[in-house]
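Notes for the structure review
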Amino acid sequence: MLAGMAAIAETHDAAYRALTGQAGVVDRSELGKLALTGHQAAEMLNGQVSNDVEALAPGTGCYAALLTNKGKMLGDLRVLQTGEELLLLTERSALQALFDQLRRGMIGWRAELHKRTVQQGLLSVIGPRARAVAGASGLPADEHANAAAEIGGAPVLLVVTHLGVDVVCAAEDTARVRDALVEAGAVAVDEAAAELVRVESGRPRYGIDLDETTIPQEAGLNDRAVSFTKGCYVGQETVARLHWRGKPNRHLRGLRLSAAAPTGTPLRLGEREVGHLGSVAVSPVYGPIALAIVRREAGPGDTVAVGDGAITAQVVELPFA
């Protein structure tokens, strides 16, 4: 049994070394995928999400939030302007809300909505050598920059991410594209290892760290996900009012835990509940860490109780360092 645990630990460490020192590849085909086509597609989408989609040139993209009328998040998405279509990538938990809102919002517009989740695969290549391994060295460094390419004899779309490169391909080509990436120097890793690197980088994930109670500013998303110069969109009034006149009651923070605890565990500062654990990971560098949306009175440097208090956590700024 001990030998088996040691082997698991060694595999985990090897994956982490690949993701932080070389390049690792993980299959994320389960992410939701939609495409919008038609000459009014960008104009229509611009009125539905928080960022400026109409301003995108072919080969660029942006991150955006899908909001309720009260400015709370129904989901988040990446919008990629490929030159042929707008490809939308979102968490599976937010896919139905995005599909339903776009289907309602496109009435009267010359635009068409296409489902792509099952039809397309997606591989994330993560690490300092990700661009070289994926053949994306010629792409701009800007996040969401994208271009058509070929890997393993299959047509793909390369997309720059904050941790490396995403590779979108036909579902039936996923295995041979992954094999070609491994042959080029990537190490195949599992989702848990890739999630660890995400948590260390301080990027929240919808459905774990963010939910339908979250306003973008609370999660520190305004700079990435919100345009304050474009035209109207659903939820704009609340988001703009909070940005220009108010201070959010909650903030996304990092937590340095004394021991790992389950996602969703309550956090308390004194007698007051100030939030719940979001993503939790055990880092070879930082030890047990987590992301959480916490009330503003729990600031960096404070210590909060986790659950019944047997575990504690120090609140820190993000990313972890």
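This text follows the structure it describes.
Computed from a prediction, not measured in an experiment: that's the story for all the values here.

Moving on to the nonpolar core. Within the largest apolar cluster, 23 residues are counted, with the highest numbers of intra-cluster contacts made by Leu67, Met73, Val199, Leu210, Leu221 and Phe320. Secondary-structure elements contributing two or more residues to this core are strand E3 (60–67), helix H6 (191–201) and strand E16 (287–295). Leaving out residues up to four positions away in the same chain, Leu221 has contacts with Tyr63, Met73, Pro204, Leu210, Pro216 and Val226.

Scanning all chains against the criterion turns up 19 salt bridges. With a closest N to O distance of 2.8 Å, Glu195 and Arg198 form a salt bridge. Placement of both Glu195 and Arg198 in helix H6 is noted, with a separation of 3 residues, approximately one turn of the helix. Of the two residues, Glu195 and Arg198, both sit in the buried class. Across the salt bridge formed by Arg253 and Glu317, the nearest N and O atoms sit 3.3 Å from each other. Within this pair, whereas Arg253 is found in strand E12 (residues 250–257), its partner Glu317 is found in the segment after strand E18 (311–316), the two being separated by 64 residues in sequence. What emerges from the salt-bridge pattern is a single network uniting Arg28, Glu91, Glu191, Glu195, Arg198, Arg205 and Asp209.

Glancing now at the pairing of strand E8 (residues 146–151). One ladder, built from 6 bridges, connects E8 with strand E9 (residues 154–160); its direction is antiparallel. Paired with Ile151 across the strands is Ala154, a residue of E9.

Note on placement: Thr265 falls in the loop between E12 and strand E13 (266–269). Looking at Thr265, the relative accessible area reads 14%, which means it is buried. A distance of 2.6 Å separates a polar side-chain atom of Thr265 from the backbone oxygen of Pro262. Residues within four places of Thr265 in sequence aside, it is in contact with Gly275, His276, Leu277, Val306 and Gly307.

Pairing is antiparallel across the open sheet formed by 5 strands, whose spatial order is E3-E4-E5-E2-E6. With partners counted over all chains shown, the strands left at the sheet margins are E3 and strand E6 (112–115), one partner each. Within this sheet the neighbouring strands show an average axis-to-axis angle of 25°, counted without direction. As paired elements, strand E4 (residues 73–81) and strand E5 (residues 86–90) share 5 bridges and run antiparallel to each other.

Scanning all chains against the criterion turns up 2 aromatic pairs. With a centroid separation of 5.9 Å and an interplanar angle of 70°, the aromatic rings of Phe228 and Trp244 are classed as edge-to-face. Placement of Phe228 in the loop between helix H7 (222–225) and helix H8 (236–245) and of Trp244 in helix H8 is noted, with a sequence separation of 16 residues between them. Judged by centre distance (6.1 Å) and plane angle (35°), the rings of Tyr286 and Phe320 are tilted. Here Phe320 lies in the segment after E18 and Tyr286 lies in the loop between strand E15 (280–283) and E16, a separation of 34 residues in the sequence. Look at Tyr286 and you get partly exposed, because its relative accessible area is 23%. Across from the ring centre of Phe99, 4.8 Å away, lies the NZ or CZ of Lys115, which sits over that ring. When the ring centre of Tyr63 is taken as origin, the NZ or CZ atom of Arg224, which lies over that ring, is 4.3 Å away.

Definitions and limits used
- Residues numbered from 1 in each chain as written.
- Predicted model: local features only at pLDDT ≥ 70, side-chain atom pairs only at ≥ 80, totals over all residues.
- Heavy atoms only, no water.
- Core = buried A, V, L, I, M, F, W, Y, C linked by side-chain atoms within 4.5 Å.
- Buried < 20%, exposed > 50% of the residue type's maximum accessible area, 1.4 Å probe, protein only.
- Helix = DSSP H or I, 4+ residues; strand = E, 2+ residues; numbered from the N terminus.
- Contact = heavy atoms within 4.5 Å.
- Salt bridge = Lys/Arg side-chain N within 4 Å of Asp/Glu carboxyl O.
- Pairing = 2+ DSSP bridges.
- Polar contact = N/O pair within 3.5 Å; in protein donor to acceptor, adjacent residues only side chain to side chain.
- Axes fitted to C-alpha atoms, helices over the stretch in contact; angles between N-to-C directions.
- Phe/Tyr/Trp six-rings, centres within 6.5 Å; stacked < 30°, edge-to-face > 60°.
- Lys NZ or Arg CZ within 6 Å of the ring centre and 35° of its normal.

The quantities given are spatial measurements derived from coordinates; they are silent on function.
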